[in-house]
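Survey of secondary and tertiary structure
Each chain is listed here by its residues.
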Amino acid sequence: MSMLTPPGMGGRYRVTGKTYPRMRRPKKRRRIVALTALPVALLGLLGWGTLQLIDVFTGGDQASAAGAGARCAARPSASPTPAKVYPRPDGITVNVLNATTREGLAKKTADELKKRGFRIGEVGNAPKEYDKKVKATGLLLGGPEAADTVLPVLGTQLAGAEVRPDPARKPDGKAKTPVVDLIIGDAFKDLSAPGDADKALTTLTAPAPAPEATRKGC
């Protein structure tokens, strides 16, 4: 027996030369190792994919959120919606008519409206169709073209007044300004306080707020 032969080994493992025999694993064991490693790799791949899906549905990490916020902040803001053009008080002529049994209300109201910048037209009693028939603080009458421009401006001066466009009323071609009627009703006590009227007029003529951003991800 050669001195290179380990103790207890003989037969086909007996070393007769100066080198040890190569001890190879059986091929069947290699297949087992390969088959075991494949499911492990697949599980790892599935786990990675699951994490990616979680990021998608939860919005990603904080860095991604910060980046998205920066992109949204960099977008130019939408311009405010242009305000509807309303006439100034000095561009409106008001007929002040009294539909109540109290005397002197038409003149007193007309004088106050003049101080607030309105032009004054006719001052007197209301026509028969309205006389003693207006229960509200007042009735504002005008043509269809005055419904959403002139009448709202006059309405800032008298809280609780009813606004009624008259389709049959035609613009006066000779008048330099739109002409509307303020018919004083039974519930009338006084015009709105100047401060309240100014605030209501400012709110009416203020530009509409800009629309919110609707871009996806912002």
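Residues numbered from 1 in each chain as written. Predicted model: local features only at pLDDT ≥ 70, side-chain atom pairs only at ≥ 80, totals over all residues. Heavy atoms only, no water.

**Here's the deal with the pairing of strand E3 (residues 138–142)**
Taken across its five residues, E3 has five buried, putting it largely inside the fold. Neither face of E3 is exposed, since Gly138, Leu140 and Gly142 on one face and Leu139 and Leu141 on the opposite face are all buried. As judged from the four bridges shared by E3 and strand E5 (residues 179–184), these two strands associate in the antiparallel manner. Bridge pairing in E5 places leucine 140 opposite leucine 182. Pairing of E3 with strand E4 (residues 162–165), which is carried by four bridges, proceeds in the parallel orientation. (Buried < 20%, exposed > 50% of the residue type's maximum accessible area, 1.4 Å probe, protein only. Helix = DSSP H or I, 4+ residues; strand = E, 2+ residues; numbered from the N terminus. Pairing = 2+ DSSP bridges.)

**Examining helix H3 (residues 105–115)**
Taken together, the buried positions of H3 are Leu105, Ala106, Thr109, Ala110 and Leu113. Seen from one end, H3 has its buried residues packed into an arc of 120 degrees, which puts them on one side. Residues of H3 that are exposed and point more than 90 degrees away from the buried face comprise Lys107, Lys108, Lys114 and Lys115. At its buried positions, H3 is contacted by strand E1 (93–98), strand E2 (119–125), helix H4 (150–155) and E5. (Arc of directions from axis to C-beta. Contact = heavy atoms within 4.5 Å.)

**A word on the nonpolar core**
With 23 residues, the main nonpolar core has Val94, Leu113, Leu154, Val180 and Leu182 as its most contacted residues. For this core, the secondary structure elements donating two or more residues are E1, H3, H4 and E5. Setting aside residues up to four positions removed in sequence, valine 94 forms contacts with Leu113, Phe118, Arg119, Ile120, Gly121, Glu122, Leu154, Val180 and Leu182. In this structure, Ala99, Ala126, Leu139 and Leu141 belong to the second largest nonpolar core, which totals eight residues. (Core = buried A, V, L, I, M, F, W, Y, C linked by side-chain atoms within 4.5 Å.)

**Thoughts on the environment of tyrosine 86**
Within the element layout of this structure, tyrosine 86 appears in the loop between helix H2 (62–74) and E1. Between the C-alpha atoms of tyrosine 86 and proline 152, which are 66 residues apart in sequence, the distance is 8.6 Å. Setting aside anything within four residues of it in sequence, one finds tyrosine 86 in contact with Asp148, Thr149, Pro152, Val153, Leu204 and Thr205.

**With respect to the side chain of threonine 149**
Position of threonine 149 among the secondary structure elements: in the loop between E3 and H4. By relative accessible area, which is 17% here, threonine 149 ends up buried. Sequence-distant contacts of threonine 149, defined by excluding residues within four places in its chain, comprise Val85, Tyr86 and Pro87.

**Concerning the sheet that holds E5**
What the five strands build is an open sheet, ordered E2-E1-E5-E3-E4; its pairing is mixed. Edge positions in the sheet fall to E2 and E4, since each has one partner strand and no second. Across the sheet, the axes of successive neighbouring strands diverge by a mean angle of 20 degrees, strand direction being ignored. (Axes fitted to C-alpha atoms, helices over the stretch in contact; angles between N-to-C directions.)

**Here we look at the pairing of E2**
Along any regular strand, the residues point their side chains to alternate faces of the sheet. Pairing between E1 and E2: five bridges, direction parallel. Among the inter-strand pairings, valine 96 is bridged to a residue of E2, identified as valine 123. Handedness of the E1-H3-E2 crossover: right-handed. (Right-handed = clockwise from strand over helix to strand, strands pointing away.)

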